[in-house]
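# Descriptive analysis of the structure
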Amino acid sequence: MRYRITVLPGDGIGPEVTEQAVEVLKTVGSKYGYEFDFNEELIGGCAIDACGDPLPENTLQACKKSDAVLLGAVGGAKWDLLPGDKRPEAGLLRIRAGLGLYANLRPAVIYPALQDASPLKKEVVGTGIDIMVVRELTGGMYFGKKGRFQTEAGEAAFDTETYSTAEVERIARIAFEAAQKRRSKVTSVDKANVLESSRLWREVVQKVAGEYPEVELNHMYVDNAAMQLVRNPAQFDVIVTANMFGDILSDEASMITGSIGMLPSASLGKGTLGLYEPVHGSAPDIAGQDKANPIAAILSAGMLLKYSLGLDAAAKDIENAVEAVLDKGYRTGDIASEGSRIVGTKEMGKLIRDQLAGK
Ligand code: NAD
């Protein structure tokens, strides 16, 4: 089989980590007999520098023609003073909207070898954590009506949280389907005690649950969910929630794993085309120094194989190779602890490829 993958390295450490992810995909390709056509395009600050637009039209068109998109990271101090819609991050929002990606999947996994990296106590982490946060990505407060107006007391501003039944149904289905492939449990997080949009969210999720009788559903208020994530994270399998709650809870879930350099993500829409990117940013403080942890990007490539190409065995192979390299004690600086063997970005990538190739 032949697959077309658009690679958007972006800024800062983006190019360094995506290079390793692409090399890993090539190794998987030779091992399993898949062919990947990689096509590199611009996004973010480098696209602003080259053509004045964080998401040039030809980048979006190339992505639309691909089987999947692999992204590094965007942003940096150089572009921080530009107006909001001209900043590198605007490219991210636009590419998600342009590709119709409405679900963001973020696994938060604590690997046995990295248990010490979690800021939580050992007894809380227990035998490990494996949570999937499914966040609605194109609705809610971030896209609702917003504005400013004058009052007698001065200027005021508002943002609106809006969700339609159709928007909630489709994200709920993604969550239930993800749970079917995992431990069959969905926690739907809302603020139904206060917000009308949350009450609709809850009703719709409850209705969709009827289509997945083998998946257990529970509902939780967002304030309680934020507490439960640090009190007893092992109770969660799949968490599904609205855009803003998901933005906050997925960062919290990431934090309990202990390293941002380990966390992949997938953004999915209606078809199989998806966008895969590490959770971390462009890390300008370590860019160009061969210090970045490429594992988040490599695991993102693994998610790409699983969710866009349906190559589950190859995806699992990547996860296992990462775990095996960690078990051998190799670490990039961000996840190093006493006694670990510290390696750079390139060396970590090579170790994972060698593990995959059985070297
Ligand atoms: P960041 O994730 O880039 O960095 C936070 C800290 O984590 C830094 O100390 C960094 O060195 C470290 N870090 C991040 N990724 C790492 C990796 N793979 N290996 C080792 N260490 C790693 O977040 P920030 O500093 O808040 O933002 C930097 C820039 O990235 C900003 O311009 C921001 O807007 C942008 N950003 C982009 C994205 C994205 O592209 N999706 C996400 C977040 C931030």
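Cut-offs used in this document
- Residues numbered from 1 in each chain as written.
- Predicted model: local features only at pLDDT ≥ 70, side-chain atom pairs only at ≥ 80, totals over all residues.
- Heavy atoms only, no water.
- Patch = residues over 30% accessible without salt bridge, like charges linked within 9 Å, V, L, I, M, F, W, Y side chains within 5 Å.
- Areas by Shrake-Rupley, 256 points an atom, 1.4 Å probe, with all protein chains shown as cover.
- Salt bridge = Lys/Arg side-chain N within 4 Å of Asp/Glu carboxyl O.
- Helix = DSSP H or I, 4+ residues; strand = E, 2+ residues; numbered from the N terminus.
- Axes fitted to C-alpha atoms, helices over the stretch in contact; angles between N-to-C directions.
- Parallel < 35°, antiparallel > 145°, perpendicular 65-115°, else oblique.
- Left-handed = near helix turned anticlockwise from the far one by under 90°.
- Contact = heavy atoms within 4.5 Å.
- Near = heavy atom within 4 Å.
- Nonpolar A, V, L, I, M, F, W, Y, C, P; charged D, E, K, R; others polar.
- UniProt positions renumbered as here; feature names shortened; annotations may be inferred.
- Buried < 20%, exposed > 50% of the residue type's maximum accessible area, 1.4 Å probe, protein only.

### Some details on a nonpolar patch on the surface
- A cluster of nonpolar residues, Leu 93, Tyr 142 and Phe 143, forms a patch on the protein surface that exposes about 280 Å² of accessible area.
- Position of Leu 93 relative to the elements: it lies in helix H4 (residues 88-98).

### Some points on the packing of helix H1 (residues 14-32) against helix H12 (residues 345-357)
- For the pair H1 and H12, interaxial distance at closest approach is 10 Å and the crossing angle is 15°. One finds that H1 runs roughly parallel with respect to H12. With respect to the hand of their crossing, H1 and H12 are arranged in right-handed fashion. Here Glu 16, Gln 20, Glu 23, Val 24, Thr 27, Val 28 and Lys 31 of H1 lie close against H12, whose contacting residues are Thr 345, Lys 346, Gly 349, Lys 350, Ile 352, Arg 353, Leu 356 and Ala 357.

### Quick word on the site of the ligand
- The immediate surroundings of the ligand are formed by 20 residues, with Val 74, Glu 89, Gly 281, Ala 283 and Asn 293 found nearest.
- Residues of the shell around the ligand, tallied by class, amount to nine nonpolar, seven polar and four charged.

### Notes on the side chain of Ser 250
- Along the chain, Ser 250 falls in helix H9 (residues 243-257).
- Ignoring any residue separated from it by four or fewer positions in sequence, one finds Ser 250 in contact with Arg 106 and Val 133.

### Things to note about the UniProt feature "site: Important for catalysis" (unreviewed entry) in the protein
- Feature annotation in UniProt places "site: Important for catalysis" (unreviewed entry) on Tyr 142 and Lys 191, given in this structure's numbering.
- Examined against the element boundaries, Tyr 142 turns out to sit in the loop between strand E5 (129-136) and strand E6 (146-151).
- Overall, the relative accessible area of 33% leaves Tyr 142 in the partly exposed class.
- Each residue touching Tyr 142, except ones within four places of it in the same chain, is listed here: Arg 135, Asn 243, Met 244 and Asp 247.
- A relative accessible area of 19% places Lys 191 in the buried class.
- Once residues lying within four places of it in the same chain are set aside, the contact partners of Lys 191 are Ser 198, Tyr 221, Val 222, Asp 223 and Phe 245.

### Some thoughts on the pattern of salt bridges
- In the structure shown here, the tally under the stated rule is 25 salt bridges.
- Measuring nitrogen to oxygen at the nearest pair gives 3.0 Å for the salt bridge that ties Arg 2 to Asp 37. Here Arg 2 is found in strand E1 (residues 2-10), whereas its partner Asp 37 is found in strand E2 (residues 35-40), with 35 residues between them in sequence.
- For the salt bridge of Asp 354 with Lys 350, the shortest nitrogen-to-oxygen distance reads 2.9 Å. Taken as a pair, Asp 354 and Lys 350 lie in helix H12 at a separation of four residues, close to a single helical turn.
- Since its relative accessible area comes to 18%, Asp 354 is described here as buried.

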